[in-house]
Amino acid sequence: MASGPAMLAPQILPEATLTRDDMGFISKLVYEHAGIVIREHKEAMTRGRLSRRVKALGMGSVAEYCAFLKTPGALSEIPELINAVTTNHTAFFRERHHFDHLRRDVLPRLVQERGGRRGRVRIWSSACSSGEEAYSIAAVSRDVLGARSDLDFRILATDIDTDILDRAEAGIYPSELFERLPADVKPLLRLDGQAGRGEARISEDLRRLIAFKRLNLIEAWPMRGPFDVIFCRNVFIYFDTQTKAAILDRFVALLAPGGFLYLGHSESLPQPHPQLRLIGRTIYERTP
């Protein structure tokens, strides 16, 4: 009886291999420079992302890439490494209850307190990714505030990933993202029309409300605040307890008394904070 065709094991390309030592080195480097913890179960994802970076540099393997990262001249590659391994997943009006709270409770109060005398209002989207969060904030804010000139209103949007920030600042997205929005918020995201085939661009009046900047949350922060609202959603999940506590203290220091901090739906404070009280689902208010 003739034997069937031999079963071949899946081939792993040389550039895609990631040894335990390589994984340990990359994890340590990312933690030291960004505070991000790469869990063991993320090895396959890390391997795939590093493989793309290896190919972009014309190298032959992850081992070669790791060897390059150990050289004195590789400092400029660190941001590219961080870009490669960070996760950028967001959506317009993601975790809708935060935007409902901002629109219903926060912005009207700020208008009442500061309107009519060129009051200052600042909101920070601290891990803005490709910009959907920041533009959702801008859309809600413009809907509540209108084009009034008696408020000095600005949104700061920061992220560690330089590539994703370029996309965010451009404000160009697939048209289908806008088409899928709920009917009550779709008109809030004003569009300038088609930016290309199957794409649309956020209108200039919303884009000019936002300043996009690169910021590593574990490094020095150039801004002084105070901020009336800080969004830090689905970020703490990538940090260990010590790093989360340190960043939280810095948020609170920049948050105005009575200001609000929004965390992601699956996140909580690393420990109770004496200046923050929970007032809603992952919504915290800074006490005076």
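Look above for the structure.
Residues numbered from 1 in each chain as written. Predicted model: local features only at pLDDT ≥ 70, side-chain atom pairs only at ≥ 80, totals over all residues. Heavy atoms only, no water.

Enquirer: Can you explain the overall build of the protein? Please cite residues and give values.
Expert: Each helix and strand in the protein was counted, giving ten helices and ten strands. For the C-alpha atoms alone, the extent of the protein along its principal axes is close to 85 × 45 × 45 Å. By residue count, 50% of the 288 residues in the protein fall in the buried class. Across the protein, the fraction of contacts at a sequence separation of at least 24, relative to all contacts at a separation of at least 6, is 74%. Accessible surface for the protein amounts to roughly 14,800 Å². Of this, 52% is attributable to carbon and sulfur atoms. Of the side chains in the protein, 40 bear a positive and 36 a negative charge, and the two mean positions are spaced by 4 Å. (Helix = DSSP H or I, 4+ residues; strand = E, 2+ residues; numbered from the N terminus. Buried < 20%, exposed > 50% of the residue type's maximum accessible area, 1.4 Å probe, protein only. Contact = heavy atoms within 4.5 Å. Areas by Shrake-Rupley, 256 points an atom, 1.4 Å probe, with all protein chains shown as cover. Lys, Arg positive; Asp, Glu negative; His and termini not counted. Charge placed at Lys NZ, Arg CZ, Asp CG, Glu CD.)

Enquirer: Could you give an account of the environment of Ala 200, naming the residues involved and the relevant values?
Expert: If you trace the backbone, Ala 200 turns up in strand S5 (residues 199-202). Owing to a relative accessible area of 3%, Ala 200 belongs among the buried residues under this scheme. Remark: the alpha-carbon pair of Ala 200 and Arg 190, spanning ten residues in sequence, is separated by 10.0 Å.

Enquirer: Pulling in residues and values, what's your account of the sheet that holds strand S10 (residues 283-286)?
Expert: Either a parallel or an antiparallel arrangement is found when strands of a sheet pair, and the pairing is made through backbone hydrogen bonds. Across the sheet, seven strands lie side by side as S6-S2-S1-S7-S8-S10-S9; this open sheet has mixed pairing. Either end of the sheet is taken by a strand with one partner, and the two such strands are strand S6 (210-214) and strand S9 (276-280). Neighbouring strand axes in the sheet, compared pairwise and without regard to direction, differ in orientation by 20 degrees on average. Judged from the seven bridges that link them, strand S1 (residues 119-125) and strand S2 (residues 151-159) form a sheet pairing that is parallel. Bridge pairing in S2 links Ile 123 to Ile 155. On the sheet, helix H6 (residues 132-145) packs against S1, S2, S6 and strand S7 (227-232) and is oriented at approximately 170 degrees with respect to S2. (Pairing = 2+ DSSP bridges. Axes fitted to C-alpha atoms, helices over the stretch in contact; angles between N-to-C directions.)

Enquirer: Please provide a residue-by-residue account of the nonpolar core, values included.
Expert: Counting 43 residues, the largest nonpolar core has Leu 81, Trp 124, Leu 217, Trp 221, Phe 251 and Leu 261 as its most contacted members. Each residue touching Phe 251, except ones within four places of it in the same chain, is listed here: Trp 124, Ser 126, Leu 217, Trp 221, Ile 230, Cys 232, Phe 236 and Leu 261. In terms of nonpolar packing, the next biggest core, distinct from the first, is built from 41 residues, Phe 92, Tyr 135, Leu 206 and Ile 210 among them. (Core = buried A, V, L, I, M, F, W, Y, C linked by side-chain atoms within 4.5 Å.)

Enquirer: Run through the layout of surface pockets, naming residues and quoting values.
Expert: By rolling a water-sized probe across the atoms, one finds the places where empty space is left. Here the largest pocket is characterised by a volume of approximately 670 Å³. Taken together, 34 residues make up the lining of the largest pocket; nearest its centre are Thr 86, Thr 87, Asn 234, Val 235 and Tyr 238. Looking at the lining of the largest pocket residue by residue, the classes come out as 15 nonpolar, twelve polar and seven charged. (1 Å grid on protein atoms, 1.4 Å probe; cavity = no way out; pocket = protein on both sides within 12 Å on 5 of 7 lines; lining within 4 Å. Points joined across faces, edges and corners; volume = space filled by probe spheres on them. Nonpolar A, V, L, I, M, F, W, Y, C, P; charged D, E, K, R; others polar.)

Enquirer: Describe helix H7 (residues 162-170), listing the residues and the values that go with them.
Expert: Turning to H7, its buried residues number three or more, namely Ile 164, Leu 165 and Ala 168. For H7, the arc enclosing every buried residue in end-on projection is 105 degrees, short of the 170-degree limit, so these residues lie on one face. Away from its buried face, by an angle of more than 90 degrees, H7 presents the exposed residues Asp 166 and Arg 167. Buried residues in H7 make contact with H6, S2, strand S3 (172-174) and S6. Where H7 begins, one side-chain oxygen reaches toward the backbone nitrogen of Asp 163, 2.9 Å away; that side chain belongs to Asp 161. Looking at the residues trailing H7, positive phi occurs at Gly 171, about 70 degrees. (Arc of directions from axis to C-beta. Polar contact = N/O pair within 3.5 Å; in protein donor to acceptor, adjacent residues only side chain to side chain.)

Enquirer: Lay out the packing of aromatic side chains in plain terms, naming residues and giving numbers.
Expert: Any pair of aromatic rings gets described here by the distance separating the centres and the angle formed by the planes. Under the defined criterion, the tally for this structure stands at 13 aromatic pairs. Ring centres of Tyr 135 and Phe 212 lie 5.7 Å apart, and the angle between their planes is 55 degrees; on these two criteria the pair is classed as tilted. On the criterion of sequence distance, the pair formed by Tyr 135 in helix H6 and Phe 212 in strand S6 is long-range, its members being 77 residues apart. In this pair, the class of Tyr 135 matches that of Phe 212, namely buried. The structure contains a cluster of three or more aromatic residues connected by ring pairs, namely Phe 92, Tyr 135, Tyr 173, Phe 178 and Phe 212. Just above the ring of Phe 25 sits the side chain of Lys 70; from NZ or CZ to the centre is 4.8 Å. Over the face of the ring belonging to Trp 221 we find Arg 250, whose NZ or CZ atom lies 4.1 Å from the ring centre. (Phe/Tyr/Trp six-rings, centres within 6.5 Å; stacked < 30°, edge-to-face > 60°. Lys NZ or Arg CZ within 6 Å of the ring centre and 35° of its normal.)

Enquirer: Help me get a handle on the packing of helix H1 (residues 20-34) against helix H4 (residues 78-85), residues and values and all.
Expert: How two helices sit against one another is set out by the angle between their axes and by the gap between those axes. The interhelical angle for the contact between H1 and H4, taken along N-to-C directions, is 105 degrees, at an axis separation of 10 Å. On the basis of their axis angle, the class for H1 and H4 is roughly perpendicular. Residue-level inspection shows Ile 26, Leu 29, Val 30, His 33 and Ala 34 of H1 in contact with H4, the latter providing Ile 78, Leu 81, Ile 82 and Val 85. Its residues assigned to classes, the contact of H1 with H4 shows eight nonpolar, one polar and no charged. (Parallel < 35°, antiparallel > 145°, perpendicular 65-115°, else oblique.)

Enquirer: Residues and numbers for the packing of helix H2 (residues 43-56) against H4, please.
Expert: It is the contact of H2 with H4, at a shortest axis distance of 9 Å, that shows an interaxial angle of 135 degrees. By the angle between their axes, H2 is oblique relative to H4. Regarding H2 and H4, the two cross each other, and that crossing is right-handed. Across from Met 45, Thr 46, Arg 49, Leu 50 and Arg 53 in H2, the residues of H4 making contact are Glu 80, Leu 81, Ala 84 and Val 85. Residues of the contact of H2 with H4, tallied by class, amount to five nonpolar, one polar and three charged. (Left-handed = near helix turned anticlockwise from the far one by under 90°.)

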